[in-house]
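Topology and contacts: notes
The residues making up each chain are set out below.
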Protein chains: 2
Amino acid sequence: MLRTKIREILDRDSAGDDVLVQGWVKTRRSSRNVTFLQINDGSTLKDLQVVADESLSNFADADSLTTGCSVSISGQLVDSPGKGQRFEIHAKSLEVMGLADPDTYPLQKKRHTVEFLREIAHLRPRTNTFGAMARVRNTLAFAIHRFFQERGFLFLQAPMITASDAEGAGAMFRVTTLDLDQLPIKNGAADSAEDFFGEPTFLTVSGQLEAEIFALALSDVYTFGPTFRAENSNTSRHLAEFWMVEPEVAFCELDGLTELAEDFLKYIFTYVLDHCPEDLAFFNQWYDESVISTLEGIASSSFERMTYTEAVDILQRSGEKFEFPVHWGTDLQSEHERYLTEKHIGRPVIVTDYPKEIKAFYMRLSDDGKTVRAMDVLVPRIGEIIGGSQREERKDILLERMRESGLDEQNYWWYLDLRSYGTVPHAGFGLGFERTVQFATGMPNIRDVSPFPRTPKSAGF
Amino acid sequence: MLRTKIREILDRDSAGDDVLVQGWVKTRRSSRNVTFLQINDGSTLKDLQVVADESLSNFADADSLTTGCSVSISGQLVDSPGKGQRFEIHAKSLEVMGLADPDTYPLQKKRHTVEFLREIAHLRPRTNTFGAMARVRNTLAFAIHRFFQERGFLFLQAPMITASDAEGAGAMFRVTTLDLDQLPIKNGAADSAEDFFGEPTFLTVSGQLEAEIFALALSDVYTFGPTFRAENSNTSRHLAEFWMVEPEVAFCELDGLTELAEDFLKYIFTYVLDHCPEDLAFFNQWYDESVISTLEGIASSSFERMTYTEAVDILQRSGEKFEFPVHWGTDLQSEHERYLTEKHIGRPVIVTDYPKEIKAFYMRLSDDGKTVRAMDVLVPRIGEIIGGSQREERKDILLERMRESGLDEQNYWWYLDLRSYGTVPHAGFGLGFERTVQFATGMPNIRDVSPFPRTPKSAGF
C-alpha cells in the first residue's frame, strides 16, 4: 500500500478505506487495553488519531511509544466517536521505525520557549510552531513566484559573490580562499591578486543593480534569493543572511511601482490566507491575536498615498509625543511610520518623494531638485515593509548624484552604460522575505522565522 | 494608453486595435519615405515590425534610429503585407526615449562571439541568445517549483553561510569580517573568535544535511538556491557559484527516489518544451540541432534501471576503446556514462548501487556490505544530470561510515541526533540548475547560461 499524507486523509469526504500512514508520535494516551496515538507527518498542523488495541501482535510496543517515535501504521479510516477529530484510524498493523528515548529526547509534551528551541534547531521543525512556520514560509515563497510569473516577469538569479559594493547599503562579508593563517602579503596588505577571483570579493547586499541590467533588456524581472549584511545588530529584526525579493520594471515610473507593490502585497497575503488557514489560526491564537485581521485588512483595503512632505506635516500636527522629533529632512522612524498607518489612516500607506539626502544615489531626482521618486510601503504593526524607487535613468544627473555621494564612477562603468545605450524610465522595490514571514505569523523574533538564522556569533547547523 | 507587451500582441487573433509598444530597436531599414523598425521588449524572441512614415512629426528622428535605441510607439496594429511577420504597427506617434550611439554601442547588427559577449555581460541580455536564455532559465526554474509544490513538498531555504564542512564535498570559500590587512592573530593563527560568527565560516556546498532536518519533521521538502565550490576549475562545466535543487523525502527508499527523479526530469523538460517553443527552436537552430529531440526523448521514454555492477559488466564487454579503463570499484567517467545512455540503451539510464568507497558517508549501506544505495541519472549528451541516494538512517552504521571516512563525529552531533530520535528511511537527490539549463539549450559553455558567471579570476558585474 502507498503512503497517504495526513492532510489528504483529513480532507476526505468520508471514511471507510484502508490507508497507510507514516509519521511521528506527538502523544500517546493509554486506556485499559487500548492506546491512542496522535500522529503528525508535517503535511498539516493537525494530528491524526490512531487507535491500537490488543488485536495487534505488537500491542505492547504500540502501548509504550513515546513522543518523537516514528511509526508506519496501516488500518481502516473510520469516523471518530471522540471529540476533536472527525476521523481516526483503527490500526491493523503498526511498525515502529525509530524510537526516541524519553529520558534524552528534548521535545516533550509541554510548551518549550522559543529561546530553548533555537538551541535545537535540528529538532524544532517537529514542533507545532515551526511546522506551521515552514508551511507559511513555503506558501508565501511560492505566492511570490506565482505573482510575478502570472504577470510575465522573469525570475533572475542575481549573483551572491560580487566585486562591487552595490549601493554602499551596508557592511559586507568578505569572501576569500586566502589562507588566513598564512596570508600572502604584498606592500603591507593582503595580496588580493592571489585570491580566487584575483580581487577582493564580498557577499551581495542587493541584486538591484544586476536586476536593472536585465530589466533594461527584458522589461520585467525579479530576483528572489539570499542577501547579506555584516552588521553587528543583535535585534529581533536583523539577520546577517536573509532572502529578498526585488522586482525591477522597465517603462515604469513611480506611480506604476506603487500599484505593483499594492497588488503584490494583496496577492501574497490573500494567497497565504487562502492556503494556510489552520497555520495562521495557530499563530493568531498563540502568538499575536491581530495576525489574521491585519492580513485581511491589507488584502481588502485600498492603500493610501501621501508624500513625505505631507507625512511630516501630519506628524508635526498630530500632537503625539514621539521619541524622535520630526523635521523635514530627517528619515521617518518606526514610531512615525506606525502612527501614520495605524492611527492616522488605519490601513496601509505608501509614502513617496523623500528628501534626496536621506535616500540612495540611484533614485530619480524630481524637478524640485530636493526630493527623489522613492516610496516606502507602511503597514500596521511593523511600519515599512517595502522600499523602492524610480531609478535615475538620465546619465548626467546620475553622475552628479554619484559624485555628491562620494562614489567612484569607475566602479559603476556598466551601470552608467545602461544609461548611455537605450535608457528608459524604470523602477523597482525590495521586500525582505523573513520580515514578511514575521509579519504574517506575528513572531516577535526574526530568529524564529528563519530555518537556520545567522546572527552575530551564531552560525550553528 | 497602457503598454502592451509584444508577446501578447503577437498572440492576438486579429489586428485592428491601437496599441502602445515600448522596447528597443533591433534594426532599422529605410526605404524612400518609410522606415521599418524591428522592436524587441524581451517578452518574446520575436521582434515586432513598426512602420513609420512622414505623417509623423518627428519622422526624421525615427528615420535615424539605430540598434539599441529605446522607443515608445503608439499606432494601429494591422495585418502585415510583408513576409516574416503576421502583424505590424503603423505608427501614429513615436517617442525616442534613449539613444545608443552606433559608434560606441558594442552590440551591432551582426553575430558576436559568446566570448566577446561575456565581456559585456551588462548588455548581452539584449541579444537573441541571452534573451532566449533568460526565458528558458526562468521557465525551468518555475517548473521546478511547480513540480514540487504540486506534490506537497515544502520549499526550504537552506543557509548559505555555514560553520560545518557539509560532506567534505569540495573546496569552500571562507566568509569573514576580519580585516585582512590588520588580521588579529592569536597563537600564530587568525583569531576566529574575533570574526563575525565567532568561528570560521564558509559558503555552503550543499543544503542536503539541513534538508534532512526538515524532511525528518515535515516529510517532503526541497531546497533551490545558490551553492558554491572554490575549485580552481577552468572548464566549460564548472562555476564557483551555481544554483542547486535538492529534494529530500522521508519514508522513501531508493526505488521511490528513482521514480521521483524520472518524474521530475520529464515534468520540467515537458514544461519547457510547452512554454518556450520559439526559444528552444532558436537554440536548436544556432547551437545544437539535437536540443529539442533530446528533450522530447527524455519526456517520452521510460528510464532504464541497472546496477553499477551491471553497468561495469556492459562497459567491459562493449568492445569500446575508453580513455579510462573500467574496473569494478572505480567511478564511472563521462565517456562511460554517455556510452551507456547514448549507445547501449539509447535513452536515460538510472545506475544504482555503487561501491561504498567511491560514494559519500551518508549513503545507505546495502546488506552486501560493499555497495551503497546511491543512484546517478544519466542522460544523452552529458551523462550524469542527477546524483542522489537513500540516506543511512541507522545510527550505528552511520557512525562506522563516518569513522571510515575520517570525519569527526563531534561536528555532526545534530546529524546523528536525527538518527537517535524517530529515525526513518529517507532519500534525496541533487540537480545542478545551470547544467540543466546548459542541457536544455545546448550551450557549450556554462558561462553562457549563468547571468553573471563566477569563475577563477572572474567576478565582474
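Preceding this paragraph is the structure being described.
These remarks concern the structure in this document. (Residues numbered from 1 in each chain as written. Chains lettered and ligands numbered in written order. Predicted model: local features only at pLDDT ≥ 70, side-chain atom pairs only at ≥ 80, totals over all residues. Heavy atoms only, no water.)

Structural notes on helix α4 (residues 128-150) of chain B
Residue and element names in this part refer to chain B. In this model, α4 (23 residues) spans 32 Å end to end at C-alpha, consistent with the 33 Å of a helix rising 1.5 Å per residue. The element α4 is largely enclosed, with a buried count of 20 among its 23 residues. Backbone geometry just downstream of α4 places Gly 152 in the positive-phi region, at approximately 80 degrees. (Helix = DSSP H or I, 4+ residues; strand = E, 2+ residues; numbered from the N terminus. Expected span 1.5 Å × (residues − 1). Buried < 20%, exposed > 50% of the residue type's maximum accessible area, 1.4 Å probe, protein only.)

Side note on the interface of chain A and chain B
Every contact between the two is made by 111 residues of chain A and, on the other side, 110 residues of chain B. Carbon and sulfur atoms supply 66% of the area that chain A and chain B bury against each other, a total of about 8,700 Å² over both sides. Remark: the boundary between chain A and chain B carries two salt bridges. Put simply, chain A and chain B have 47 residue pairs in polar contact (both at pLDDT 80 or more) between them. Looking at the side of chain A that touches chain B, the element that brings in the most residues is helix α4 (residues 128-150) of chain A, giving ten residues. Considered class by class, the residues forming the side of chain A that touches chain B number 60 nonpolar, 28 polar and 23 charged. With three bridges connecting them, strand β8 (residues 174-176) of chain A and strand β8 (residues 174-176) of chain B associate as antiparallel partners. Residue pairing in the sheet places Val 175 of chain A in a bridge with Val 175 of chain B of β8 of chain B. (Contact = heavy atoms within 4.5 Å. Buried area = accessible area lost by both parts, 1.4 Å probe. Salt bridge = Lys/Arg side-chain N within 4 Å of Asp/Glu carboxyl O. Polar contact = N/O pair within 3.5 Å; in protein donor to acceptor, adjacent residues only side chain to side chain. Nonpolar A, V, L, I, M, F, W, Y, C, P; charged D, E, K, R; others polar. Pairing = 2+ DSSP bridges.)

Side note on unusual backbone geometry
Located in the positive-phi region is Arg 32 of chain B, a residue other than glycine, with phi close to 50 degrees. Structurally, the position occupied by Arg 32 of chain B is in the loop between β1 (18-31) and β2 (34-40).

Observations regarding the sheet that holds strand β16 (residues 371-379) of chain B
All names here are of chain B. If you trace the eight strands from one edge of the open sheet to the other, you get β6-β12-β13-β18-β17-β16-β15-β14, paired in mixed fashion. Of all the strands in the sheet, the pair left with one neighbour each is β6 (154-156) and β14 (304-307). Strand-to-strand twist across the sheet, computed as the mean angle between neighbouring axes with direction ignored, equals 25 degrees. Pairing of β14 with strand β15 (residues 349-355) involves four bridges; the strand directions are parallel. Each bridged residue has a counterpart across the sheet, and for Thr 307 the counterpart in β15 is Thr 352. Lying on the sheet, helix α5 (residues 208-218) is in contact with β6, β12 (220-228), β13 (241-250) and β18 (426-432); it crosses β13 at an angle near 30 degrees. (Axes fitted to C-alpha atoms, helices over the stretch in contact; angles between N-to-C directions.)

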